[in-house]
Amino acid sequence: MSYLRSWFSLDTSSPVTTVEPNDSYPNQSLPVLQVNEDDEDDGSDTAGEDDAPPAFPAINSAQRAATSPSSSSDSSRGFSIPNILTDSALMPPPPAPNLATRRPGVPPPQSSSSLLAPMTTTQPPKRLSRRDKVALAPGFGPLDWGNLKASGQNLRGVDALMRIPPSVLKLHNKKEDAWTAINGKVYNITPYLPYHPGGEKELMRVAGRDGTKLFSLTHAWVNADFMLDACLVGFLVSEPS
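The rules behind each value
- Residues numbered from 1 in each chain as written.
- Predicted model: local features only at pLDDT ≥ 70, side-chain atom pairs only at ≥ 80, totals over all residues.
- Heavy atoms only, no water.
- Core = buried A, V, L, I, M, F, W, Y, C linked by side-chain atoms within 4.5 Å.
- Buried < 20%, exposed > 50% of the residue type's maximum accessible area, 1.4 Å probe, protein only.
- Helix = DSSP H or I, 4+ residues; strand = E, 2+ residues; numbered from the N terminus.
- Contact = heavy atoms within 4.5 Å.
- Pairing = 2+ DSSP bridges.
- Arc of directions from axis to C-beta.

## Comments concerning the nonpolar core
Counting residues in each nonpolar core, the largest one holds 20 residues, and the members touching the most others are W145, I189 and L228. Counting only elements with at least two residues in this core, the list comes to α4 (142-150), β5 (177-182) and α7 (212-219). Look past the residues within four positions of L228 in its chain and what remains in contact with it is W145, I182, Y187, I189 and Y192. In terms of nonpolar packing, the next biggest core, distinct from the first, is built from 7 residues, V158, W179, A181 and V186 among them.

What follows is the structure, encoded as structure tokens:
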């Protein structure tokens, strides 16, 4: 009770009102806190702010652009709304090519509207002659040839690279001693004869002479430098004067 008396006796800045003694407290006066009505928040701080919700749909949205009344009001506010193209206004896709009537080497009837590159000729492509392969003996496949090159065996038949004129090249035209020139390089094709997929007879056609032209007509996609690098003898040069 003494604690309460000390608390009630404190001086506070808020005004208090004294209550007269009653039956419950006959000898004491109870302070009552008086609330100032001016301190209540009446919302005057935000009275000047714009509390309106944002526009929906947005001012520059496609939904608002589709309606004529809003578009006229939006244009008066100082900005323009982009036009939305319909399906009929868009560029139509290119026509599908009629693959059933296409012929090789012949351009389509409507080549002007096609996205294909123009044909260099209107003639159908020539049919190439088929090159038959022969059955190689066991142990003479492409992998076996690669293993032979990696073995370190001397497949050149010479100690050093040479400068070989055509007169010297034509002397090596036998099966046991066959040289040929491909793209200016002379190779000893003797060890490669049993490994040739086209057969030994086909490869002997270039023995003792320049086989660049026949090599390009037969299999231009083959890398001769990689296939016969271990058989390089020298380089083909012109005849000395």
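## Concerning the sheet that holds β5
An order of β3-β7-β6-β5-β4 is seen for the 5 strands of this open sheet, with the pairing classed as mixed. Of all the strands in the sheet, just β3 (162-164) and β4 (173-174) have a single pairing partner and so form its edges. Pairing between strand β6 (residues 185-188) and strand β7 (residues 232-236): 3 bridges, direction antiparallel. Within β7, the residue paired with V186 across the bridge is G234.

## Focus on the pairing of β7
Alignment of β3 against β7, held across 3 bridges, turns out to be parallel. Within β7, the residue paired with I164 across the bridge is L236.

## What about α4?
Listing the buried residues of α4 in full gives W145, L148 and K149. The arc that holds every buried residue of α4, seen down its axis, measures 100°, which confines them to one face. In α4, the exposed positions angled more than 90 degrees off the buried face are occupied by L143, N147 and A150. Just beyond α4, the residue with positive phi is G152, at close to 90°.

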